[in-house]
Amino acid sequence: MNILQQLGQHATHRVEEAKKQVSLEELKEKATSLPKGSFEFEEALKKPGISFICECKKASPSKGIIVEEFDYLRIAKDYEKAGADCISVLTEPKWFLGSDDYLREIANTVKIPCIRKDFTVDEYMIYEAKVLGAKAVLLICAILTEEQIREYIRICDNLGLSALVEAHDADEVKMAIRAGARLIGVNNRNLKDFSVDTGNSRNLREMVPKDVIFVSESGIKGPEDIKLLKDSKVDAVLIGETLMKAEDKAAKLRELRGN
């Protein structure tokens, strides 16, 4: 079982526990009583040039603890001030040391849209994301069936949420397209050995229709990576570790944006 499968399995356990506190019916009623979203996340990525999704995360399975002092609200405000288009917030608690509270507080503090970065394995997690204030959720091809992705996109559409469908290879990109994804993220990380290569995004870009927003995820370290991806007509980048390790995150983002 690779790390992604373990994350998916643990997410299933988390959902089972959450349902003991709040039933699916109760959560669904709460989520659908909120104003329907207007797909703010994907709209924010449609501007000319490369858009930046900046990540708030304390740890990861490959690196362990990335930052000891995790002042997530200050980080999110710094990202917004430096011109981030969207913010990705880790809520997975075991391997990423994330929290639903981080998302709720960040979404209430910044004006730019947030994506709930978690391992969605049940519709319950989509309704949770809506209630927490997220404008988008992550759907990962490697842990979902094509039918699940199609159904989860439908649920997102009903709530006005965006669905970022993540693929790792050509087969998963095809699966995302067939399921009706409007946003496809290609993860540049090899899940077997954790190596990263932005060439994965560049190689798979041509498979994705131009009217689908294409996001490159992981392994983006400097302006030279941004230039290569921009030349490949990538619409947006999701950057986590590079920003989290920078002492001055706003300055690092400005550097990546070419400011």
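What counts, and at which threshold
Residues numbered from 1 in each chain as written. Predicted model: local features only at pLDDT ≥ 70, side-chain atom pairs only at ≥ 80, totals over all residues. Heavy atoms only, no water. Pairing = 2+ DSSP bridges. Helix = DSSP H or I, 4+ residues; strand = E, 2+ residues; numbered from the N terminus. Axes fitted to C-alpha atoms, helices over the stretch in contact; angles between N-to-C directions. Contact = heavy atoms within 4.5 Å. Phe/Tyr/Trp six-rings, centres within 6.5 Å; stacked < 30°, edge-to-face > 60°. Buried < 20%, exposed > 50% of the residue type's maximum accessible area, 1.4 Å probe, protein only. Expected span 1.5 Å × (residues − 1). Arc of directions from axis to C-beta. Polar contact = N/O pair within 3.5 Å; in protein donor to acceptor, adjacent residues only side chain to side chain.

Asker: Tell me about the sheet that holds strand β6 (residues 136–140), and please be specific about residues and values.
Answerer: Reading around the barrel, the 8 strands line up as β1-β4-β5-β6-β7-β8-β9-β10 and close back on themselves, with parallel pairing between neighbours. In this sheet, adjacent strand axes meet at a mean angle of 25° when their direction is disregarded. When strand β1 (residues 51–56) meets strand β4 (residues 86–90), the two strands line up parallel, connected through 4 bridges. Its bridge partner lying in β4, Glu55 is registered against Ser88. Lying over the sheet, helix α7 (residues 146–159) contacts β6 and β7 (162–167), oriented at roughly 155° with respect to β7.

Asker: Explain the packing of aromatic side chains residue by residue, including any values.
Answerer: Inspection of the entire model under this criterion finds 4 aromatic pairs. Look at Phe70 and Tyr72: their rings are 5.9 Å apart centre to centre, the planes differ by 40°, and that puts the pair in the tilted class. Each member of the pair, Phe70 as well as Tyr72, is classed as buried. Here Tyr72 and Tyr102 contribute two aromatic rings whose centre-to-centre distance is 4.3 Å and whose plane-to-plane angle is 40°, an arrangement assigned as tilted.

Asker: I'd like a description of helix α1 (residues 3–21), backed by residues and values.
Answerer: Between the first and last C-alpha of α1 there are 27 Å, a value that for 19 residues agrees with the 27 Å anticipated at 1.5 Å per step. Among the residues of α1, Ile3, Leu4, Leu7, Gly8, Ala11, Arg14, Val15 and Ala18 are the ones counted as buried. When α1 is viewed along its axis, its buried side chains cluster within an angular range of 130° and face the same direction. The outward face of α1, more than 90 degrees from its buried face, is lined by the exposed residues Gln9 and Lys20. Packing partners of the buried residues in α1 comprise β5 (114–117), α6 (123–132) and β6. Looking at where α1 begins, the residue whose side-chain oxygen comes 3.0 Å from the main-chain nitrogen of Leu4 is Asn2.

Asker: Just give me the short version of helix α12 (residues 249–257), but keep the residues and values in it.
Answerer: Along α12, the residues that are buried comprise Lys249, Ala250, Lys252, Leu253 and Leu256. Seen along its axis, α12 keeps its buried residues to an arc of 160°; they face one direction. Close packing links the buried residues of α12 with β1, α4 (72–81), α10 (223–231), β10 (236–239) and α11 (241–245). Its side-chain oxygen 3.3 Å from the backbone nitrogen of Ala250, Asp248 forms the N-cap of α12. Of the residues trailing α12, Gly258 is marked for its positive phi of about 85°.

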